[in-house]
Every structure is written in structure tokens, then in C-alpha cells.
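Overview (structure and organization)
Chain by chain, the residues run as shown.
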Amino acid sequence: MSNKVSVKIKWNSGSINLMQNKAVQGLFRMGTDIGNQARRNAPYKTGALSNSIRAVPNGAIVEVIAGGKVGDKRIDYAAIQEWGGRAGRNYSVNIIGKHYMERATDFIMSGNYLKKYFGGIV
């Protein structure tokens, strides 16, 4: 006679896949909301920077991107506008960071984001 007691727990792979799909959908909704808030926060001169902000799903990762190539234009100043630093000819201009992405992320994450984005899972 054995002196141990055990409980076997087995995950249903269909349930796991469903939960993963819901999690990725929640991440994409969150990324989209962060992107929308970042557009509102971004400095606006021509609209190119705010128009470059997008949520990009890649498997189980969602990345919110500002800058890069948008259509036939390159938006190369997204990072300097976010974090600040020296720019321009001979780096003679000091740009103060606007932290438009950081503030957007903080704003979205400050709410009840677990329920809003992942309510069907948690």
C-alpha cells in the first residue's frame, strides 16, 4: 500500500489554444489603445509622426511602433521625440523628450486593464 495521495491535472489543449487566442486578441486591443493614446500625445507639426504609430501583431507579441517607413516616407525622428537628445546640423539642437509612448502606456495600464483586455481569461 502506497502512502502518497496525488491529484492528476491535465490541460485540455483546445482550452489552452482558446485562452491563448483570447490573450493575443486582448494584447492587440491593448496595443491599439496605447497607439491611439500615443497619437493624441505625440507632438504634431505635419501629422507624420502620429500617423506612423501602429500596433503590429507578431504571433504572441504585439508591438506598438512609432516611426520607421510609412508609405514612401521615413519617419526617423520618433525616438528623439520620445526620449529627447541632440539633433540637427552638428547636433546643435537639444530636443526635450515628449515621452508620448511612455505616457500612453502608463495611461492605458493605469486603468483596470486586466478586466478590460483579458476579462474572458482572468
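What you see is a predicted model; the values in this text were computed from it and never measured.

Now for the packing of helix H1 (residues 13–41) against helix H4 (residues 100–110). At their nearest, the axes of H1 and H4 sit 8 Å apart, and the two run at 130° to each other. One finds that H1 runs oblique with respect to H4. The way H1 lies across H4 gives a crossing that is right-handed. Here Met30, Asp33, Ile34, Gln37, Ala38 and Asn41 of H1 lie close against H4, whose contacting residues are Tyr100, Met101, Arg103, Ala104, Thr105, Phe107, Ile108 and Met109. A class-by-class count of the residues in the contact of H1 with H4 yields 9 nonpolar, 3 polar and 2 charged.

Positive phi outside glycine occurs at tyrosine 91, with the angle close to 50°. Within the secondary structure, tyrosine 91 sits in the loop between strand S5 (84–87) and strand S6 (93–96).

Cut-off values and rules
Residues numbered from 1 in each chain as written. Predicted model: local features only at pLDDT ≥ 70, side-chain atom pairs only at ≥ 80, totals over all residues. Heavy atoms only, no water. Axes fitted to C-alpha atoms, helices over the stretch in contact; angles between N-to-C directions. Helix = DSSP H or I, 4+ residues; strand = E, 2+ residues; numbered from the N terminus. Parallel < 35°, antiparallel > 145°, perpendicular 65-115°, else oblique. Left-handed = near helix turned anticlockwise from the far one by under 90°. Contact = heavy atoms within 4.5 Å. Nonpolar A, V, L, I, M, F, W, Y, C, P; charged D, E, K, R; others polar.

These figures come from the coordinates and say nothing about function on their own.
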